[in-house]
Amino acid sequence: MVEKIIELCARNRLLVLLVVGFALVGAIVALKHTRLDAIPDLSDPQVIVFTEWMGRSPTLVEDQVTYPIVSKLIGTPHVTDVRGFSMFGMSFVYAIFEEGTDIYWARSRVLEYMNGLRGSLPEGATPTLGPDATGIGWVFQYTLVDKSGKQGLDDLRTFQDFTLRYALGSVAGVAEVASVGGYQKQYQVTVDPNRLRAYGVTLSEVIDAIRQSNNDVGGRILEFSGREYYVRGRGYIRDLGSIEKIAVRASGANGTPLLIKDLATVRFGPDIRRGLLEWNGEGEAVGAIVVMRYGENALDVIERVKKKFTELKPSFPEGVEMTIAYDRSSLIERSIDTLKHALTEEAIVVSVVIMLFLLHFRSSLLPILSLPISVALSFIPMVLLDIPSTIMSLGGIAIGATVDAQIVMIEAGHKKLEHAP
């Protein structure tokens, strides 16, 4: 069979060259569409279900949230394992699927099962799905610092949460932008229990008054002189004064309103922190982790994120600087350079060895030309099988074996020609 293939190729050299030419065109197209990364993704397909139920102990979260979710997801199709983790005020459930399961099919199945579970969870516990990413999705991280001292940690965190996070989240290939560090600014109402007792007001009345006052109310339409006027009540809280002027109830015989400022102190304050971000021993900073979406090209995503930062830089507050803390693109580029150097060295060494031992220049052209062609052709099945170009996949290209086989074939051909009649 092998002899017939060799004879067919020898008799139809033009056809072989055409096939090689078409294969090279396909290899060039495959090189442009190959997903580039440095770290191979060896993780199983998984879907994360996150539930926040603040103020509850880990035992209560385990009994009321984690256990019902795990019991529900254990029967999901193609699920191999379900792992639950409970902590103070939070629950994490990891649904591990069989190898080869489409991640978006798995997410839709988990979401379908979770819709039937919402009535069984306690009030205030709303489960959400984690980002559609894998364990190696952490491709970029940055920090925001203000060496001029004009912006505090709360201002930096506000800029990160309400400006940068949404801008970077719109970049193609980004699954999530997770903020880290700083202080999350809050409207904080500190109630004085002595005043509550003096006015006979309960804490629930204060909470209900604030909740009901932070809303817009729509009315009907009034028509005057051929025009329609919309009637609505604008009640969204915009500043501290809006909270202070909220009426809790009417007190006294003349109906004097009892306001929030009569019962409590209203101010801005930070939310409870579960961690911080420290930058290079210079103190605290604010930053974020950019998580890449599943199946994306890591190098392209990082480049798009950097381009987005260039566009957003003029809108940064005065004194704020962005510093890159982690960038995987440098590792990816070094991996590509390593492959290029290996190919160049292999081609030079093989050519020199063949010319020294066989003393035949034309024979040395075979490995010199076929070596880069064979490496380029190996990217075609990588694209068809959706295998990213990583350190392990590039290392699997048997360059040495290809060279050894070519040397053996060339030497065998020379021996045949020496003894030919």
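Following the sequence through the fold, Asp 161 ends up in helix 5 (residues 153-169). Excluding residues within four positions of it along the chain, Asp 161 makes contact with Tyr 166, Ser 179 and Gln 184.

It is worth spelling out the sheet that holds strand 1 (residues 46-52) at this point. On the basis of which strands lie adjacent, the open sheet formed by 4 strands has the order 2-3-1-4 and antiparallel pairing. Each edge of the sheet is formed by a strand with only one pairing partner; in this case those strands are strand 2 (79-87) and strand 4 (126-129). Pairs of neighbouring strands in the sheet enclose a mean axial angle of 20 degrees, with direction left out of account. As defined by bridge partners, strand 1 adjoins strand 3 (residues 90-97) across 7 bridges and the pair is classed as antiparallel. In the sheet register, Glu 52 faces strand 3, and the bridge partner there is Met 90. Helix 3 (residues 58-73) rests against strand 1, strand 2, strand 3 and strand 4 of the sheet, and its axis sits at about 165 degrees to strand 2. On top of the sheet, helix 4 (residues 103-115) reaches strand 1, strand 3 and strand 4; it is set at about 35 degrees to strand 1, its chief contact.

Moving on, we come to the sheet that holds strand 13 (residues 286-292). Spatially, 6-13-5-14 is the arrangement adopted by the 4 strands of the open sheet, whose pairing is antiparallel. If you trace the sheet from one side to the other, it starts and ends with strand 6 (174-180) and strand 14 (320-327), each paired once. Neighbour-to-neighbour, the strand axes of this sheet turn through a mean angle of 20 degrees, independent of strand direction. Direction of pairing for strand 5 (residues 138-146) relative to strand 14: antiparallel, over a ladder of 7 bridges. Bridged to Val 145 within strand 14 is Glu 321. Across the face of the sheet, helix 5 comes into contact with strand 5, strand 6, strand 13 and strand 14 while running at roughly 180 degrees to strand 6. Packed on one face of the sheet, helix 9 (residues 298-312) meets strand 5, strand 6, strand 13 and strand 14 and runs near 20 degrees to strand 5.

Right, let's get into the nonpolar core. Burial of nonpolar side chains together is a common tendency in soluble globular proteins. Counting residues in each nonpolar core, the largest one holds 29 residues, and the members touching the most others are Phe 140, Tyr 142, Leu 164, Val 305, Phe 309 and Phe 316. Elements supplying a minimum of two residues to this core: strand 5, helix 5, strand 6, strand 13 and helix 9. Per-element tally for this core: the top contributor is helix 9, with 7 residues. Not counting residues within four places of it along the chain, the set of residues in contact with Leu 164 comprises Tyr 142, Leu 144, Phe 159, Phe 309, Leu 312 and Phe 316. Within the second largest apolar cluster, 20 residues are counted, among which are Val 49, Trp 53, Val 79 and Val 82.

Nonpolar side chains collect at one region of the surface, where Ile 348, Val 349, Val 352, Val 353, Met 355, Leu 356, Phe 357, Phe 361, Leu 365 and Leu 369 lie side by side and expose about 970 Å² of accessible area between them. Listing elements by their share of the nonpolar patch, those giving two or more residues are helix 10 (329-358) and helix 11 (361-377). Here the nonpolar patch gets 7 residues from one element, more than from any other, and that element is helix 10. Here Leu 365 shows up in helix 11.

Definitions and cut-offs
Residues numbered from 1 in each chain as written. Predicted model: local features only at pLDDT ≥ 70, side-chain atom pairs only at ≥ 80, totals over all residues. Heavy atoms only, no water. Helix = DSSP H or I, 4+ residues; strand = E, 2+ residues; numbered from the N terminus. Contact = heavy atoms within 4.5 Å. Pairing = 2+ DSSP bridges. Axes fitted to C-alpha atoms, helices over the stretch in contact; angles between N-to-C directions. Core = buried A, V, L, I, M, F, W, Y, C linked by side-chain atoms within 4.5 Å. Buried < 20%, exposed > 50% of the residue type's maximum accessible area, 1.4 Å probe, protein only. Patch = residues over 30% accessible without salt bridge, like charges linked within 9 Å, V, L, I, M, F, W, Y side chains within 5 Å. Areas by Shrake-Rupley, 256 points an atom, 1.4 Å probe, with all protein chains shown as cover. Salt bridge = Lys/Arg side-chain N within 4 Å of Asp/Glu carboxyl O.

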